[in-house]
Every structure is written in C-alpha cells, then in structure tokens.
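Descriptive analysis of the structure
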Amino acid sequence: MKTNYKFHKEDKITALTGAGISAESGIKTFRDRDGLWENHRIEEVASPVAFSKNPEMVWEFYKQRYLQLAKVSPNSAHFALKKMEDFCSSNFNLITQNVDGLHQIAGNINVLEMHGSLRQCFCSKCLHSFEMKEIDFEQKIPKCDHCSGNLRPNIVWFGEMPYEMEKIDKILENTKYFIVIGTSGIVYPAARFLSIAKYFGAKAIEINLEYPINSVVLDEFHLGKAGILLPELIEKWIT
Ligand code: APR
C-alpha cells in the first residue's frame, strides 16, 4: 500500500475516529446494514426527547451496549494509534466519536471523547456522576443515591452540545496531518472537522470501508479495514 507521507515527532497530528475503528472489535456500527437496534434507528433512541418519553427503553438500549463492552477488546487499529501517540506524544491528538473506551484500554492517554462515555452516567437532576459499573441494572430506570433523580448515560445525544469543542477547535487550527478513521462523516459537528482542518492547512487522510461523501477534499484515501490498513500505514508513516 502506498502513502505520500512521512511523519516527524514534531508534526502536529490529529486522528478522528468513528464506529468503524471498533467494528473489528465486534461492536456494531450505527449506519451499516445491520446498524439498527430492536428496529430502532439510533436517532430515535439517543435523544433527550426519547429519554423523557421512554427512559426505560433508552436505558435498555444503553444497558445492552454497556454489557457488551465486557466482551470486546481493542483491535490492531486501536493499538496502532497508541503507537502513534508513543511516537509523537503531546503532538498527537485523538478525537473520538466513540463511547466504548477502547482507545484508553489500548493505552492512549490523550483521548477527547466528544460524544461522552458509555462507562459513566450522571443524575439528570443533580448532575452527580457515577461509574456505570456501580449501577444496579435491576432498576429499570437507575436512580441517583444522592437525590433519587433519574440517572442517564453520559452520552451526548442528538441536539446536545458535544464535549471538548473549545479544545477541538484549537487543535483543528494547528494540525499538519488530519487522519479520519471509520466514520460515515454525516453527524455534525464532527462531520465538519475535516474541512476546518484543511482550511487551516492540514493534509487530510482517510481510512474507510467505503468511499466517503466528502472524498474530494482528501489528500489521501485508503479503502479497507482499519484493523488491517492502519498498522501498515503507521509503520510507513513513522519509521
Ligand atoms: N474499517 C474502517 N471503516 C469501517 C469499518 C472498518 N472495519 N467498518 C465500518 N467502517 C466505516 C463505515 O464504512 C462507515 O463509514 O465506518 C463508518 C461507520 O459509520 P457510522 O455507523 O455512521 O458511525 P459514526 O460515523 O461513528 O457515527 C457518528 O453518529 O449515531 C451517532 O453518536 C453516534 O458517534 C456516532 C455518530
């Protein structure tokens, strides 16, 4: 596989990951053929309106996804990004739309979880936060043991402001290589990051199983599985 690039330790490098990087760990993506859950589209479940209308159904969805985490582990694409962080340390920023925590388990330290984390939840009344592993899932709607309000997963739902946006904006203005891995690029604001980074002079590289809608702005595109391509590419990029 050919690449035009060679990275140096002082290069500012940013990776944006989506569900596709965890697909080979066995976690379903959202918009591939089998991306539905109990015939619900993600947009119908992951929203404040869905939670206020049917908190039990929303909790059932996230409880299933949380319990699945115990059975999955990082794949070679996650470990390749750990190698990237080892190579250029604080010059490497990892922005993820994923909430599975697999980047941290693979050893990445500097991870910006812009859509939250499935391993945490918080009280929708007093905002006290809890680890998901503390929750009694016998309760259909887990309650806060501080104020007995309804707990909710620490997930950024459609219509809510993602986390870390100020930090991300600064990173996008000062990135030499912007690498997009396993995202359909249709959910904002993440869908805009590539063009912003390009505007500020970044080289844009993408790895995906399918040609993305915004492929015209890419400087390099690699078609295939992240678990296979990313380790090979990182070998070529950093040695
Ligand atoms: N290697 C590389 N890319 C892959 C692989 C793989 N093994 N498997 C799937 N893909 C690609 C698909 O081609 C698709 O482009 O990953 C992408 C997955 O797209 P989505 O399912 O839309 O997931 P994502 O882009 O992360 O969704 C963004 O939408 O539902 C919300 O909050 C949720 O964070 C999520 C956001």
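These numbers come from a predicted model, not from an experiment. (Residues numbered from 1 in each chain as written. Predicted model: local features only at pLDDT ≥ 70, side-chain atom pairs only at ≥ 80, totals over all residues. Heavy atoms only, no water.)

When you go through the protein residue by residue, the secondary structure sums to eight helices and nine strands. Relative to the 2.2 N^0.38 estimate, which gives 18 Å for 239 residues, the radius of gyration of the protein is 18 Å and therefore close to what a compact globule would have. When burial is assessed residue by residue, the protein has 52% of its 239 residues classed as buried. By element, 53% of the accessible surface of the protein is carried by carbon and sulfur atoms, the whole surface being about 11800 Å². In the protein, the 28 positive side-chain charges and the 30 negative ones have mean positions that sit 2 Å from each other. (Helix = DSSP H or I, 4+ residues; strand = E, 2+ residues; numbered from the N terminus. Rg over C-alpha atoms; globule rule 2.2 N^0.38 Å. Buried < 20%, exposed > 50% of the residue type's maximum accessible area, 1.4 Å probe, protein only. Areas by Shrake-Rupley, 256 points an atom, 1.4 Å probe, with all protein chains shown as cover. Lys, Arg positive; Asp, Glu negative; His and termini not counted. Charge placed at Lys NZ, Arg CZ, Asp CG, Glu CD.)

Now for the domain arrangement of the protein. Partitioning the protein into domains gives domain 1 (13-26 + 73-115 + 162-238) and domain 2 (36-71 + 120-155). Here domain 1 and domain 2 have C-alpha centroids that lie 27 Å from each other. Taken together, the contact between domain 1 and domain 2 spans six residues of the former and seven residues of the latter. Summing both partners gives a buried area of about 480 Å² for domain 1 against domain 2, and 45% of it is carried by carbon and sulfur. Viewed at the interface, domain 2 and domain 1 are joined by two residue pairs in polar contact (both at pLDDT 80 or more). Residue classes in the side of domain 1 that touches domain 2 are distributed as two nonpolar, three polar and one charged. (Domains from an automatic or database assignment. Contact = heavy atoms within 4.5 Å. Buried area = accessible area lost by both parts, 1.4 Å probe. Polar contact = N/O pair within 3.5 Å; in protein donor to acceptor, adjacent residues only side chain to side chain. Nonpolar A, V, L, I, M, F, W, Y, C, P; charged D, E, K, R; others polar.)

Turning to the sheet that holds strand β6 (residues 151-155), a few remarks are in order. In space, the three strands of this open sheet follow the order β5-β4-β6, with antiparallel pairing throughout. Either end of the sheet is taken by a strand with one partner, and the two such strands are β5 (129-131) and β6. Going across the sheet, the axis of each strand differs from the next one's by a mean of 40°, ignoring polarity. Here strand β4 (residues 116-123) pairs with β5 via three bridges, running antiparallel. Across the sheet, Q120 pairs through a bridge with E131, a residue of β5. Across the sheet, helix α3 (residues 55-69) is in contact with β4 and β6; its angle to β4 comes to roughly 135°. (Pairing = 2+ DSSP bridges. Axes fitted to C-alpha atoms, helices over the stretch in contact; angles between N-to-C directions.)

A few words now on the side chain of E113. By the secondary structure assignment, E113 is in strand β3 (residues 111-113). Look at E113: it is buried, it has no salt bridge, and the nearest opposite charge is R119 at 6.5 Å. Polar contacts involving the side chain of E113 include one to the side chain of Q104, which spans 2.9 Å. With residues up to four places along the chain from it excluded, the contact list for E113 reads T96, G101, Q104 and Y163. (Salt bridge = Lys/Arg side-chain N within 4 Å of Asp/Glu carboxyl O.)

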